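Here's the letter readout for the chains.
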Amino acid sequence: MPDSNSVEVSAGMLRDFFATLPEKALHLGLRVLLAVLFFLLGIQVIKLVRKLVKNSMQRAGAELGAIQFVDSFLKAALYTLLVLMLAASFGVDAASIVALLGSAGVAIGLAIQGSLSNLAGGVLLLVLKPFKVGDYIIESSTSKEGTVTEIQIFYTRLLTPDHQTVVLPNGSLANNSLVNVTGQEARRMDIKVSVSYKADLKRAREVLLQVLETDASTLKDRDRLVYVNDLASSGVELGVRCWFRQEDFWPGKWRVTENCKLALDEAGIEIPYNQLDVHLDGKVENL
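None of these values were measured; they are calculated from a predicted model.

Attention now goes to the overall build of the chain. The secondary structure content of the chain amounts to 8 helices and 10 strands. Relative to all contacts within the chain whose residues are 6 or more apart in sequence, the contacts with residues 24 or more apart total 62%. Carbon and sulfur atoms make up 61% of the accessible area of the chain, which totals about 18800 Å².

Here it is, written out as structure tokens:
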């Protein structure tokens, strides 16, 4: 049979526990409420700090990609600090957390090595500046292409011409070759136009050069050329070359291509199509 003294002790402990339970619950509730208020206040402080840093970088003339990268890094760091401060308010020793993370550093590093690679790639992109926000790039390994809209700490966003969003990890962008299509102020246009072997070649060159001369968007301080590119099987292939500013390239290329066709038609110069000459008994029939 249980000792009467032990029963009395247990009963006394239960009475003490239930007697102090409301006070403890109230104390815990107040701590949780204060933690929630502190968290909400911390969010507003983080937004304010990010806004101040962003405005100062804008006044300093920093590139948009650099501003986005620093802002995303600052956001991650400040939220981590806020969580550690909240943990400390509940009695968790922040130094113990840091020591635990340090002792598990190897395992964590292996688990997030992809993210660390992307972070390092983002730093390289920020330092080396192979492209900036607004540039049109083509990534070689995946052939993804589009206009750069964001450079974050782990990834870069592209917007394709048909308005699809492409998210590329910074690690792949830093470790693979890419083409910055709009990295220069001007871009060269090359199109090929075929004329018949029977056509007046000099006249065809004059007509095509006139198209380049009269187009308002071609750069007049750059070469404008019409040259024989190839003696093809069905006609003489002429190369048409000129330069446009980046923002005028595609509208200019489409316009010049159309105007070359119209100008040759107006001059009576034939643009040939693939054909085969068959010789039978000294006669020539075009098929």
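Turning to the pattern of salt bridges, a few remarks are in order. Tallied over the entire structure, the rule returns 9 salt bridges. Notably, a salt bridge pairs Lys-132 with Asp-135, separated by 3.4 Å at the nearest N-O pair. Judged by its relative accessible area of 38%, Lys-132 falls in the partly exposed class. Salt-bridge contacts for Arg-224 lead to Glu-213; the nearest nitrogen and oxygen are separated by 3.2 Å. Of this pair, Arg-224 sits in the loop between α7 (201-214) and β7 (225-231) while Glu-213 is found in helix α7, placing the two residues 11 residues apart along the sequence. One connected set of salt bridges, linked through shared partners, spans Arg-188, Asp-190 and Arg-241.

This part covers the side chain of Gln-152. Relative to the helices and strands, Gln-152 is located in the loop between β2 (145-151) and β3 (155-159). A distance of 2.7 Å separates a polar atom in the side chain of Gln-152 from a polar atom in the side chain of Glu-150. Residues in contact with Gln-152, not counting those within four places in the same chain, are Gln-68, Phe-69, Ser-72 and Asn-170.

Moving on to the sheet that holds strand β6 (residues 186-195). Spatial strand order, β6-β8-β7: 3 strands in an open sheet with antiparallel pairing. Because the sheet does not close on itself, it has two edges, and the strands there are β6 and β7. Averaged over all pairs of adjacent strands, the angle between their axes in this sheet comes to 30°, without regard to strand direction. In this sheet, strand β8 (residues 236-245) lies alongside β7 in antiparallel orientation, the contact comprising 6 bridges.

Moving on, we get to the nonpolar core. Of all hydrophobic cores here, the largest spans 21 residues; its most connected members are Met-189 and Val-256. Where this core is concerned, the elements lending two or more residues are β6, α7, β8 and α8 (249-266). For Val-256, the contacting residues outside a window of four places in its chain are Met-189, Ile-191, Val-211, Leu-212, Asp-215 and Phe-244. Grouped together as the second largest cluster of nonpolar side chains are 9 residues, Leu-125, Ile-151, Leu-158 and Leu-173 included.

We now examine α7. For α7, spanning 14 residues, the distance from its first C-alpha to its last is 20 Å, which sits close to the expected 20 Å at 1.5 Å a residue. Looking at α7, one finds that the buried residues are Ala-204, Val-207, Leu-208, Val-211 and Leu-212. Seen from one end, α7 has its buried residues packed into an arc of 140°, which puts them on one side. Exposed and oriented more than 90 degrees from the buried face of α7 are Lys-202 and Thr-214. The secondary structure elements touched by the buried residues of α7 are β6, β7, β8 and α8. By the N-cap criterion, in which a side-chain oxygen at the helix start approaches the backbone nitrogen of a residue two or three places on, α7 is capped by Asp-200, the distance to Lys-202 being 3.2 Å.

Overall, the coordinates contain 1 cavity of 30 Å³ or more when judged by the stated rule. Those elements giving two or more residues to the lining of the largest cavity turn out to be α2 (64-89) and α5 (113-128). When grouped by side-chain class, the residues that make up the lining of the largest cavity number 5 nonpolar, 1 polar and 3 charged.

In this structure, the second largest pocket occupies an estimated 220 Å³ of space. Lining the second largest pocket are Tyr-136, Ile-138, Glu-145, Pro-161, Val-181, Thr-182, Arg-187, Gln-246, Glu-247, Phe-249, Trp-250 and Pro-251. Taken together, the elements giving at least two residues each to the lining of the second largest pocket come down to β1 (136-139) and α8. The element contributing the most residues to the lining of the second largest pocket is α8, with 3 residues. The residue inventory of the lining of the second largest pocket, partitioned by class, reads 7 nonpolar, 2 polar and 3 charged.

About the thresholds
- Residues numbered from 1 in each chain as written.
- Predicted model: local features only at pLDDT ≥ 70, side-chain atom pairs only at ≥ 80, totals over all residues.
- Heavy atoms only, no water.
- Helix = DSSP H or I, 4+ residues; strand = E, 2+ residues; numbered from the N terminus.
- Contact = heavy atoms within 4.5 Å.
- Areas by Shrake-Rupley, 256 points an atom, 1.4 Å probe, with all protein chains shown as cover.
- Salt bridge = Lys/Arg side-chain N within 4 Å of Asp/Glu carboxyl O.
- Buried < 20%, exposed > 50% of the residue type's maximum accessible area, 1.4 Å probe, protein only.
- Polar contact = N/O pair within 3.5 Å; in protein donor to acceptor, adjacent residues only side chain to side chain.
- Pairing = 2+ DSSP bridges.
- Axes fitted to C-alpha atoms, helices over the stretch in contact; angles between N-to-C directions.
- Core = buried A, V, L, I, M, F, W, Y, C linked by side-chain atoms within 4.5 Å.
- Expected span 1.5 Å × (residues − 1).
- Arc of directions from axis to C-beta.
- 1 Å grid on protein atoms, 1.4 Å probe; cavity = no way out; pocket = protein on both sides within 12 Å on 5 of 7 lines; lining within 4 Å.
- Points joined across faces, edges and corners; volume = space filled by probe spheres on them.
- Nonpolar A, V, L, I, M, F, W, Y, C, P; charged D, E, K, R; others polar.

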